[in-house]
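This is what each chain is made of:
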Amino acid sequence: MAACSLGNRLVACLLNVSEARSKDLVETVAKAALFNTEGVRREGTTVLNIFNDHDYNRSVITIVASIDSIREAVLAACEKACGLIDMRDHSGGHPCMGAVDLIPIYPLGEEVGVEHCAEEARAVAQGLTERVQGTSAFLFGWADFPLQRGLAQRRKEMGWFKKKPDMQIVVPDIGPQPQGRFGLTGVGASPYVINCNVTIDTQDLALGRSIATAIRESTPGGLPGVQVLALPHDGAVEIACNVESVKGRYPSNMTAGESWPSFSIQGQPYCHAPASLITARVAELAGRQGIGTKNTALVGFTPHECRGLAELALSQGIAEFWKEQHRIRM
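The paragraphs below set out a description of the structure included in this document. Nothing here was measured: the structure is a model prediction, and the numbers come from that model. (Residues numbered from 1 in each chain as written. Predicted model: local features only at pLDDT ≥ 70, side-chain atom pairs only at ≥ 80, totals over all residues. Heavy atoms only, no water.)

**Some words on the overall build of the protein**
From N to C terminus, the protein includes nine helices and 13 strands. For a compact globule of 330 residues, the expected C-alpha radius of gyration is about 20 Å, and the protein comes in at 19 Å, within 12% of that figure. Taken over the C-alpha atoms alone, the protein extends approximately 55 × 45 × 40 Å along its principal axes. By residue count, 55% of the 330 residues in the protein fall in the buried class. Sequence-distant contacts, at least 24 apart, represent 72% of the contacts inside the protein between residues at least 6 apart. Carbon together with sulfur atoms contributes 49% to the accessible area of the protein, which is approximately 14,200 Å² in total. Of the side chains in the protein, 31 bear a positive and 35 a negative charge, and the two mean positions are spaced by 3 Å. (Helix = DSSP H or I, 4+ residues; strand = E, 2+ residues; numbered from the N terminus. Rg over C-alpha atoms; globule rule 2.2 N^0.38 Å. Buried < 20%, exposed > 50% of the residue type's maximum accessible area, 1.4 Å probe, protein only. Contact = heavy atoms within 4.5 Å. Areas by Shrake-Rupley, 256 points an atom, 1.4 Å probe, with all protein chains shown as cover. Lys, Arg positive; Asp, Glu negative; His and termini not counted. Charge placed at Lys NZ, Arg CZ, Asp CG, Glu CD.)

**Some words on the sheet that holds strand β6 (residues 185-189)**
Hydrogen bonds between backbone groups are what pair the strands of a sheet, and the pairing can be parallel or antiparallel. Ordered by their spatial adjacency, six strands build an open sheet running β2-β3-β1-β4-β6-β5, and the pairing between neighbours is mixed. On the outer flanks of this sheet lie β2 (45-53) and β5 (137-141), each paired with one strand and no other. Adjacent strand axes in the sheet meet at a mean angle of 15 degrees, parallel and antiparallel pairs treated alike. Examined bridge by bridge, strand β1 (residues 10-17) and strand β3 (residues 58-66) share eight bridges and lie antiparallel to one another. By the bridge assignment, L14 is partnered in β3 with T62. Packed on one face of the sheet, helix α2 (residues 23-34) meets β1, β2 and β3 and runs near 160 degrees to β2. (Pairing = 2+ DSSP bridges. Axes fitted to C-alpha atoms, helices over the stretch in contact; angles between N-to-C directions.)

**Topic: the sheet that holds strand β12 (residues 268-271)**
As summarised here, the arrangement of the three strands in space is β10-β12-β11, forming an open sheet in which the pairing is antiparallel. On the outer flanks of this sheet lie β10 (246-247) and β11 (262-265), each paired with one strand and no other. Two strands pair when backbone bridges link them, and β11 and β12 are joined in this way by four bridges, in the antiparallel orientation. Pairing of S264 across the sheet is with P269, part of β12.

**Concerning the pattern of salt bridges**
Tallying each qualifying case throughout the model produces 17 salt bridges. Residue R307 is joined to E110 by a salt bridge in which the shortest nitrogen-to-oxygen separation is 2.8 Å. Separated by 197 residues along the polypeptide, R307 in helix α8 (residues 303-315) and E110 in the loop between β4 (100-107) and α4 (114-131) bring together distant segments of the chain. Residue E157 pairs with R154 through a salt bridge whose shortest N-O separation is 2.8 Å. Pair noted here: E157 and R154 are both in helix α5 (residues 151-158), with a separation of three residues, about one helical turn. Overall, R154 belongs to the buried group, its relative accessible area being 3%. One continuous salt-bridge network, built from bridges that share partners, spans D144, R149, R154, E157 and D173. (Salt bridge = Lys/Arg side-chain N within 4 Å of Asp/Glu carboxyl O.)

**Digging into the nonpolar core**
Side chains that are nonpolar tend, in soluble globular proteins, to be buried together. Among the nonpolar cores identified, the biggest contains 98 residues, and L15, I61, I63, I103, Y192, I239 and I278 are the most heavily contacted of them. Looking at which element gives the most residues to this core, the answer is helix α3 (residues 70-84), with eight residues. The residues contacting I103, other than those within four sequence positions of it, are C13, L15, V74, C78, V124, L128, F140, T185, G186, V187 and G188. By size, the runner-up hydrophobic cluster in this structure holds ten residues, among which are M158, M167, V170 and L184. (Core = buried A, V, L, I, M, F, W, Y, C linked by side-chain atoms within 4.5 Å.)

**Some remarks on the side chain of E238**
Assignment of secondary structure puts E238 in strand β9 (residues 236-244). Salt bridges are absent for the buried E238, whose nearest opposite-charge side chain, R58, sits at 9.5 Å. A polar atom in the side chain of E238 sits 2.7 Å from the side chain of Y56. The contacts of E238, once residues within four sequence positions are left out, are Y56, N197, V198, T199, L229, A230, L231 and H233. (Polar contact = N/O pair within 3.5 Å; in protein donor to acceptor, adjacent residues only side chain to side chain.)

**Quick look at helix α6 (residues 205-215)**
Along α6, the residues that are buried comprise L207, G208, I211, A212 and I215. Buried residues of α6 fall within an arc of 140 degrees about the axis and therefore sit on the same side. As for α6, its buried residues are in contact with β7 (193-200), β8 (226-233), β9 and α7 (275-287). The backbone nitrogen of A206 lies 3.1 Å from a side-chain oxygen of the residue at the head of α6, namely D204. (Arc of directions from axis to C-beta.)

Structure below.
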């Protein structure tokens, strides 16, 4: 199948699991998305990247497949993760509620619509609670019909941002009351979301929080689509940003000479704030307090990169692309 036609039906799932200190365990979860229990490879599926954060004890696995194949790949990975990760033993610096903490599905191809992703997300949530007894889920984005509440709002409602969420008062959308071993999983669909984390050279968490507030979308003058946390990280403070794609063309008053990466879903244009703009804004705000930045980390890829690399991986039959990407991309 030609790469262009292959790409038309692609979707991505950036699977967030609450483990990073055992890389072998995380790779076992990733391989479950690619191979069935007999070791036979699932056609048309690739894992592009595995991002491990030891301090947060959290990993993000980028799974890409056609909309027709993504459900089984994601469910197999989730089932494996739930068998290997026990939230009762978990520790880490990042908020989380579940062994499988987040299952977002993003459209990449022209033939994949909002309703397709929402349907698959709801099916994944239902399938997880059926396959792994004791798991439960909440829905967000397009999957949260008819309200379509965003991830940040749903997390707040569930108590995700608290240091010790009270599972006894959580009301999941699917499944039983959350249990200690598995916790609670967020499942949803939306336009592509990028994770961009900027580390500032300080341990002053209050300063980090003030910067996070300043660039957050909900703040006047903040960056559209940017949801932010300030978290202690490796002896410094990380400004951890979920960069949501926003509908429409990029805002000309915020470009600073740089266009925002853009794409379309069913003919509707979307764009997202570039990592360079986020880094510059954080550096400016930190610099006013005499603090520098240490680095910026992107978790995974932009939408264009994700699709392009997936087409490359699938056309060449590379399932475990995360092992090859450093060689291929250079």
